[in-house]
Amino acid sequence: MSELSSTNAEMSPPIVNIAAYKFAPLDELTQRREALRALTRRLELKGTILLSPEGINFFLAGARAAVDEFVAVLQADPQVGALDIKESYTERQPFGRMLVKLKREIIAFGVEGIDPSQRTSPKLPAKQLKQWLDEGRPVTLLDVRNDYEVALGTFAGAEPIGVAHFRDFPKAVDALPDDRKEETVVMFCTGGIRCEKAGPYMERAGFKNVFQLEGGILKYFEECGAAHYTGECFVFDDRVAVDGDLQATDAADRLAGEQLGSRPVYERAEAGAWRARQA
């Protein structure tokens, strides 16, 4: 990312949006929280950082130089190391404030024995998934996101897992018919983090050929555009949704005050906080 920073800065809107996660054992969480609060305050960044004993998950936005410095500091931490950063650009700041939170898990799942730092399902690169779909290869596309996210868009022919919250995923998997366990399943979510836990759980449940879309929908959009995808991708900030070019759609205005499934999709005053709670 850093090697292209100067070129991107000249060609892109002024606000850089980044998202990344890393499953890696972290200690001294309180001290880390205070250090990250001070760093993001100095760099005038906004967004959310989640810290837990299992790793870090963040989505934030700010000026190009500030984002680059934040990433450099984080990757210099030997307990974090290299990060797979997903970027997009906006004309305005999509977050209302900066939050750094301590959590038991960086993505709530509640199942013992699932440790993505040790093992995940095989990752399928975005371009390879597109090739499979171009060829008409028989695969089951499983959307593991929440129903209110799926309502805005998903891959053509994908099967929603049918949950209101990711914590409900294990029960939904247990309810799938046994013949699915022999199929080739490609699961996907927004940025990949949920699949890191969903894949190993499905394998534990007896699914024999499970892949996770590497980098999620956002990485697929970055590399393949909207091919084989219908609609928008829900994102957890004030943009509400992005299209296949990773540009904000009109979803924020179109859906203001409305509901997707059982969830209010967009309330301006508390948008950032609501999305952080539901992520």
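Keep in mind that this is a model prediction, so the values were computed, not measured.

(A) How the structure looks around the overall build of the chain. Looking only at helices and strands, the chain features ten helices and 16 strands. Taking all 279 residues of the chain together, 54% fall into the buried category. Long-range pairs, those at least 24 residues apart, make up 72% of the contacts in the chain with a sequence separation of at least 6. When the accessible surface of the chain is split by element, carbon and sulfur atoms take 49% of a total near 12600 Å².

(B) Focus on the environment of Ile107. Inspection of the secondary structure puts Ile107 in the loop between β5 (98–102) and β6 (123–124). When its relative accessible area of 5% is taken as the criterion, Ile107 is described as buried. Sequence spacing of Ile107 and Phe166 is 59 residues, and the spatial spacing of their C-alpha atoms is 8.4 Å.

(C) Examining the sheet that holds strand β9 (residues 159–160) more closely. Across the sheet, five strands lie side by side as β6-β11-β10-β7-β9; this open sheet has parallel pairing. The open sheet has two edge strands, β6 and β9, and neither has a second partner. Alignment of strand β7 (residues 140–143) against β9, held across two bridges, turns out to be parallel. Bridging from a neighbouring strand, Leu142 pairs with Glu159 of β9. Packing of helix α7 (residues 193–204) onto the sheet brings it into contact with β6, β7, β10 (184–188) and β11 (209–213), and relative to β10 it is tilted by some 155°.

(D) View of the packing of helix α4 (residues 126–135) against helix α8 (residues 216–224). Running from N to C, α4 and α8 cross one another at 75°; their axes reach a closest spacing of 9 Å. Judged by the inter-axis angle, α4 sits roughly perpendicular to α8. Within the contact between the two elements, α4 uses Ala126, Lys127, Leu129 and Lys130 and α8 uses Lys219, Tyr220, Glu223 and Cys224. For the contact of α4 with α8, the residue count by class is four nonpolar, no polar and four charged.

(E) Highlighting the pattern of salt bridges. One pass over the full model with this rule turns up 24 salt bridges. We note a salt bridge from Arg32 to Asp77, for which the minimum N-O separation is 2.3 Å. Within this pair, whereas Arg32 is found in helix α2 (residues 29–43), its partner Asp77 is found in the loop between α3 (64–75) and β4 (86–90), the two being separated by 45 residues in sequence. In terms of burial, Arg32 and Asp77 fall into one category: buried.

(F) Molecular detail of the pairing of β4. Of all five residues in β4, five are buried; the element is thus mostly enclosed. Sheet analysis places strand β1 (residues 15–23) next to β4, joined by five bridges and oriented antiparallel. By the bridge assignment for β4, Ile15 is matched with Thr90.

(G) The arrangement of the nonpolar core in detail. The biggest cluster of nonpolar side chains holds 26 residues, and the ones touching the most others in it are Ile161, Phe169, Met187 and Met202. Looking at this core, the elements with two or more residues in it are β1, α6 (169–174), β10 and α7. Element by element, the count of residues in this core is highest for α7, at five residues. Residues contacting Met187, with those up to four places away along its chain left out, are Leu142, Val144, Cys195, Ala198, Gly199, Met202, Val210, Phe211, Gln212 and Leu213. Listed in part, the 24 residues of the second largest apolar core include Ala20, Ile49, Leu51 and Leu83.

(H) Representation of unusual backbone geometry within the structure. Phi angles above zero are rare outside glycine, and His228 is one such case at about 70°. Mapped onto the secondary structure, His228 falls in the loop between α8 and β12 (229–231). The class for His228 is partly exposed, based on a relative accessible area of 31%. Here Val240, not a glycine, exhibits a phi torsion of approximately 70°, which is positive. Among the structural elements, Val240 can be located in the loop between β13 (233–234) and β14 (241–242). The class for Val240 is buried, based on a relative accessible area of 0%.

(I) Seen up close, the sheet that holds strand β2 (residues 46–52). Spatially, the five strands line up as an open sheet ordered β4-β1-β3-β2-β5, and their pairing is mixed. The open sheet is flanked by β4 and β5, the only strands paired with a single partner. Between one strand axis and the next, the sheet turns by 10° as a mean value, whatever way the strands run. Relative to strand β3 (residues 55–62), β2 runs antiparallel, the two sharing seven bridges. Opposite Gly47, over in β3, you have Leu60 as the bridge partner.

Reading the values: rules and limits
- Residues numbered from 1 in each chain as written.
- Predicted model: local features only at pLDDT ≥ 70, side-chain atom pairs only at ≥ 80, totals over all residues.
- Heavy atoms only, no water.
- Helix = DSSP H or I, 4+ residues; strand = E, 2+ residues; numbered from the N terminus.
- Buried < 20%, exposed > 50% of the residue type's maximum accessible area, 1.4 Å probe, protein only.
- Contact = heavy atoms within 4.5 Å.
- Areas by Shrake-Rupley, 256 points an atom, 1.4 Å probe, with all protein chains shown as cover.
- Pairing = 2+ DSSP bridges.
- Axes fitted to C-alpha atoms, helices over the stretch in contact; angles between N-to-C directions.
- Parallel < 35°, antiparallel > 145°, perpendicular 65-115°, else oblique.
- Nonpolar A, V, L, I, M, F, W, Y, C, P; charged D, E, K, R; others polar.
- Salt bridge = Lys/Arg side-chain N within 4 Å of Asp/Glu carboxyl O.
- Core = buried A, V, L, I, M, F, W, Y, C linked by side-chain atoms within 4.5 Å.

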